[in-house]
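# Reading the structure
Below are the chains, spelled out letter by letter.
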Amino acid sequence: MSDNIQSDIDPRRLLLQCLREPVLIQSFTLSDWDLLIRQARAANILGSLYYLLKETKLLPSVPDQALRHLLWAEKVAQKHRQAVQWEVHMIANALKDADVPVVLLKGAAYVMADLPAAQGRLFSDIDIIVSKDALGAVEAALMLHGWESTHHDEYDQRYYRQWMHELPPMQHVKRMTVVDLHHAILPETAAVHPDSKKLLDATICVGSGSQIRMLAPVDMVLHSMVHLFYEGEFHHGLRDLIDIQRLFTHFGKDPFFWSALVPRARELELGRPLFYALRYMHLILQADIPQHVMAQAKDSAPHALFVAFMDHLFMRALLPVHLSCDDWFTKTARNMLYVRANWLRMPPFLLLRHLFHKAFISPRDA
């Protein structure tokens, strides 16, 4: 067998083709495996790849040289999972006297609810959401238990507290773990404003107690979509898209999930990120989405010409951040989506003011 990648496999999309059709690995050469491991590590899904190959009973087809990387990634993911579980209980203990439930977002919620999206997933902080009225009490309780703000610049403090949907990240002084304390899922300055009260009123318990909670299934999926398509950095874009696909596969076993998805997105003003998420799950991961859901989501789509343009951007930006996946337009696409994200999150005058401060004033004060 040749040491070159097979002629029918596009090196730029080697990882994507593996995710779509895992059985393809049976024809991979060592060169293929070398590139696959590098792309998966760049996308932060090496542990997830291990679980995919395990679920599809393909691990025996993995050569020893590659299997060592996958097994190590799985061990790291297991340790990470245990650390997250411990840290969530520490947060819950800190907030016990404040009588505020710990509503987990994203990765921590996946771990504590033992969702398939947690398998092999790594993340750097724990996100929780509380009502805006409870922010002061929750921040004080966390500070009493060892967390402190990581942003001491006066401008950054005002930026977060006045305009954003979260407080400055808080880091524990001993364990160095980070908590992101949210009161909404989009900034105060964004054009759309999903109602946080509706999200919090619909939360469900995780486990047997009542203090640790997570968003309802439909809301959890919508928040994952918002996080991906309103953020301006795509280092973990493919990982986040895979998260959404895994959530769909898991929650989609309940017919109510599909019937509630589009109406809830409209209620929360999130029809556009839902459209994009469904579109790129289908185009990139070849996810199986019910036709009636796709048709309903198209009501929130932009003009067809704009969709075609966004395809050129997202179909590049959502690939792993690795040189083997880039073409001549990839860097420009990511930069344009970064500008788009900031445009969606701030009105023009505030955006210009913020960018000016970060470009010229913050470096001078550093």
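Residues numbered from 1 in each chain as written. Predicted model: local features only at pLDDT ≥ 70, side-chain atom pairs only at ≥ 80, totals over all residues. Heavy atoms only, no water.

Attention shifts here to the packing of helix H9 (residues 217–230) against helix H10 (residues 237–251). Running from amino to carboxyl end, H9 crosses H10 at an angle of 165 degrees, the nearest separation of the two axes being 10 Å. One way to sum up the angle between H9 and H10 is to call them roughly antiparallel. The two elements H9 and H10 cross, and the hand of that crossing is left-handed. Contact residues: H9 offers Pro 217, Met 220, Val 221, Ser 224, Met 225, His 227 and Leu 228, while H10 offers Gly 237, Asp 240, Leu 241, Ile 244, Leu 247, Phe 248 and Phe 251. Residue composition of the contact of H9 with H10, by class: ten nonpolar, three polar and one charged. (Axes fitted to C-alpha atoms, helices over the stretch in contact; angles between N-to-C directions. Helix = DSSP H or I, 4+ residues; strand = E, 2+ residues; numbered from the N terminus. Parallel < 35°, antiparallel > 145°, perpendicular 65-115°, else oblique. Left-handed = near helix turned anticlockwise from the far one by under 90°. Contact = heavy atoms within 4.5 Å. Nonpolar A, V, L, I, M, F, W, Y, C, P; charged D, E, K, R; others polar.)

With that settled, consider the pairing of strand E1 (residues 102–105). Neither face of E1 is left uncovered, since the one carrying Val 102 and Leu 104 and the one carrying Val 103 and Leu 105 both have all their residues buried. Two strands pair when backbone bridges link them, and E1 and strand E7 (residues 212–214) are joined in this way by three bridges, in the parallel orientation. Paired with Val 102 across the two strands is Ile 212, which belongs to E7. Where E1 and strand E2 (residues 126–129) come together, three bridges link them in antiparallel fashion. Across the sheet, residue Val 103 finds its bridge partner in E2, namely Ile 129. (Buried < 20%, exposed > 50% of the residue type's maximum accessible area, 1.4 Å probe, protein only. Pairing = 2+ DSSP bridges.)

A grouping of Phe 306, Phe 309 and Met 336 is seen on the molecular surface, where their side chains present a nonpolar patch of about 240 Å² in accessible area. If you trace the backbone, Phe 309 turns up in helix H14 (residues 304–317). (Patch = residues over 30% accessible without salt bridge, like charges linked within 9 Å, V, L, I, M, F, W, Y side chains within 5 Å. Areas by Shrake-Rupley, 256 points an atom, 1.4 Å probe, with all protein chains shown as cover. Salt bridge = Lys/Arg side-chain N within 4 Å of Asp/Glu carboxyl O.)

Let us look at unusual backbone geometry. If you check the backbone angles, Lys 57 has positive phi at about 60 degrees while not being a glycine. By relative accessible area, which is 70% here, Lys 57 ends up exposed. Even without glycine at this site, Met 176 takes up a positive phi of about 65 degrees. As for its position among the elements, Met 176 is in the loop between strand E4 (170–172) and strand E5 (178–182). Overall, the relative accessible area of 48% leaves Met 176 in the partly exposed class.

Turning our eyes to something else, we now look at the packing of aromatic side chains. Applying the stated criterion across every chain, the model contains 19 aromatic pairs. On the basis of an interplanar angle of 75 degrees and a centroid distance of 6.2 Å, the ring pair of Tyr 159 and Trp 163 is categorised as edge-to-face. In this pair, Tyr 159 and Trp 163 are both assigned in helix H7 (residues 154–163), four residues apart and thus about one turn of the helix distant. Trp 163 carries the same exposure label as Tyr 159, and that label is buried. When the centroid spacing of 6.0 Å and the interplanar angle of 70 degrees are considered together, the rings of Phe 234 and Phe 314 count as edge-to-face. (Phe/Tyr/Trp six-rings, centres within 6.5 Å; stacked < 30°, edge-to-face > 60°.)

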